[in-house]
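Residue-level structural notes
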Amino acid sequence: MDDGLERALRRGLRRAGREFEAARRAYRSGIEDADPGADDPAADRSGADRFDLPTDADGNARIVCRRHAETRAVPVAEDGTPACFDADHPDCAGCLEDVREGRIETW
């Protein structure tokens, strides 16, 4: 491949990556700023609501369990920890991180 073309492609990809990260930070900042009750400790919000997870009729978050490869409806604590969380299992650690980052698979 021509060196000039390769440099141009790399520059374009780096620029696109920077723009994507800037947009992602702005989106997260907007969510945090628009979160009613986030500063109000008296606000009664479940973890599923706080992390914008779909819920069933009982208010349990509808997530896809990585560890057992199944759909589950589980309560989620205000810090984003699902009730089925096992601190010693790597799949559960990844699930917790995904819930907090807003990228957990749901149904």
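Everything that follows concerns the structure shown earlier in this document.
Quick look at the structure, then.

As for the overall build of the chain
The secondary structure content of the chain amounts to 3 helices and 2 strands. In sequence order, the chain lays out its α and β elements as α-α-β-β-α. Put simply, the chain has 107 residues, and 22% of those count as buried. For the chain, long-range pairs separated by at least 24 residues make up 39% of all intrachain contacts whose partners lie at least 6 apart in sequence. Carbon together with sulfur atoms contributes 48% to the accessible area of the chain, which is approximately 7,600 Å² in total.

Regarding the pairing of strand S2 (residues 70-74)
Direction of pairing for strand S1 (residues 61-65) relative to S2: antiparallel, over a ladder of 5 bridges. Directly across from Val-64, in S2, lies its bridge partner Thr-71. With antiparallel pairing between neighbouring strands as the criterion, S1 and S2 make up a hairpin whose turn holds 4 residues, including Ala-69 at a positive phi of roughly 50°.

Comments concerning the side chain of Thr-81
Tracing the chain through its elements places Thr-81 in the loop between S2 and helix H3 (90-101). Take Thr-81: its relative accessible area is 18%, and that puts it in the buried class. At 2.9 Å, the side chain of Thr-81 and the side chain of Asp-79 are in polar contact. Leaving out residues up to four positions away in the same chain, Thr-81 has contacts with Pro-75, Val-76, Leu-96 and Arg-100.

A closer look at H3
Taking 1.5 Å per residue, 12 residues should reach 16 Å; H3 reaches 16 Å between its end C-alpha atoms and fits that length. Taken residue by residue, H3 has Cys-92, Gly-94, Cys-95, Leu-96, Asp-98 and Val-99 as its buried positions. Those residues of H3 that are buried are in contact with S1. Just downstream of H3 lies Gly-102, where phi reads positive at about 80°.

Brief notes about the nonpolar core
Counting 10 residues, the largest nonpolar core consists of Ala-48, Phe-51, Leu-53, Ala-61, Ile-63, Val-74, Val-76, Cys-95, Val-99 and Ile-104. Those elements that place two or more of their residues in this core are S1 and H3. Not counting residues within four places of it along the chain, the set of residues in contact with Ala-48 comprises Leu-53, Thr-55, Gly-59, Ala-61 and Val-76.

Parameters and conventions
Residues numbered from 1 in each chain as written. Predicted model: local features only at pLDDT ≥ 70, side-chain atom pairs only at ≥ 80, totals over all residues. Heavy atoms only, no water. Helix = DSSP H or I, 4+ residues; strand = E, 2+ residues; numbered from the N terminus. Buried < 20%, exposed > 50% of the residue type's maximum accessible area, 1.4 Å probe, protein only. Contact = heavy atoms within 4.5 Å. Areas by Shrake-Rupley, 256 points an atom, 1.4 Å probe, with all protein chains shown as cover. Pairing = 2+ DSSP bridges. Polar contact = N/O pair within 3.5 Å; in protein donor to acceptor, adjacent residues only side chain to side chain. Expected span 1.5 Å × (residues − 1). Core = buried A, V, L, I, M, F, W, Y, C linked by side-chain atoms within 4.5 Å.

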